[in-house]
Amino acid sequence: MQSTATLRYARISSRKVKIVLDLIRNKPVGEAMGIIKNTPKAASEILEKLLNSAIANAQNNHAMDVSKLYVATAYANQGPTLKRIRPRAQGRAFRIMKRTSHITLVLKEKE
């Protein structure tokens with residue numbers, strides 16, 4: 001049995017999210033939450049909400065025991081990029097890429 005939580009179109013680059021996801025993969029949810037709370041990265045706030053959502057999904061939708069849950073898989077894929085233009089000197093333009101990502105957390109119960 002597994003529980004999934006997905007966040008789509010998060011306004012953060014998937015490269016930045018993957019750094020924190022690598023820290024919590026294959027960890028129990030309590031330990032993963034502690035790591036996220038003490039990691040000074042922009043992705044930590046987003047992942048904390050997503051992990052809470054995954055835990056709530058496991059508890060309410062699948063009747064899983066929270067004390068046995070662990071982060072089975074965690075990945076972030078690149079979403080669509082918002083392209084913006086910034087004016088530069090002498091009439092030139094500079095392209096700004098505002099990247100988005102799709103983040104997925106899958107929790108499973110330890111046997």
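Residues numbered from 1 in each chain as written. Predicted model: local features only at pLDDT ≥ 70, side-chain atom pairs only at ≥ 80, totals over all residues. Heavy atoms only, no water.

A. Geometry of the nonpolar core. Formed by 26 residues in total, the largest nonpolar core has its most connected members in Val-17, Leu-21, Leu-47, Leu-51, Ile-103, Leu-105 and Leu-107. Going through the elements one at a time, strand E1 (2–10), helix H1 (14–24), helix H2 (29–37), helix H3 (42–61), strand E2 (69–78) and strand E5 (101–109) are the ones with two or more residues in this core. At seven residues, H3 tops the list of elements feeding residues into this core. Setting aside residues no more than four positions away along its own chain, Leu-107 makes contact with Met-1, Gln-2, Ser-3, Val-29, Leu-51, Ala-54, Ile-55, Met-64, Leu-69, Tyr-70, Val-71 and Ala-72. (Core = buried A, V, L, I, M, F, W, Y, C linked by side-chain atoms within 4.5 Å. Buried < 20%, exposed > 50% of the residue type's maximum accessible area, 1.4 Å probe, protein only. Helix = DSSP H or I, 4+ residues; strand = E, 2+ residues; numbered from the N terminus. Contact = heavy atoms within 4.5 Å.)

B. Main features of H2. The set of residues buried in H2 consists of Val-29, Ala-32, Met-33 and Ile-36. Buried residues along H2 cover an arc of 100 degrees about the axis, so they all sit on one side. Tucked into the core, H2 has its buried residues touching H1, H3, E2 and E5. (Arc of directions from axis to C-beta.)

C. Fine view of the pattern of salt bridges. Overall, the coordinates contain two salt bridges when judged by the stated rule. Here Arg-25 makes a salt bridge to Asp-22, at a shortest N to O gap of 2.8 Å. Judged by relative accessible area, Arg-25 falls into the partly exposed class, the value being 29%. Residue Glu-48 is joined to Lys-37 by a salt bridge in which the shortest nitrogen-to-oxygen separation is 2.9 Å. Here the residue Glu-48 occupies a position in helix H3, and Lys-37 occupies one in helix H2, the gap between them amounting to eleven residues. You can call Glu-48 partly exposed: its relative accessible area is 23%. (Salt bridge = Lys/Arg side-chain N within 4 Å of Asp/Glu carboxyl O.)

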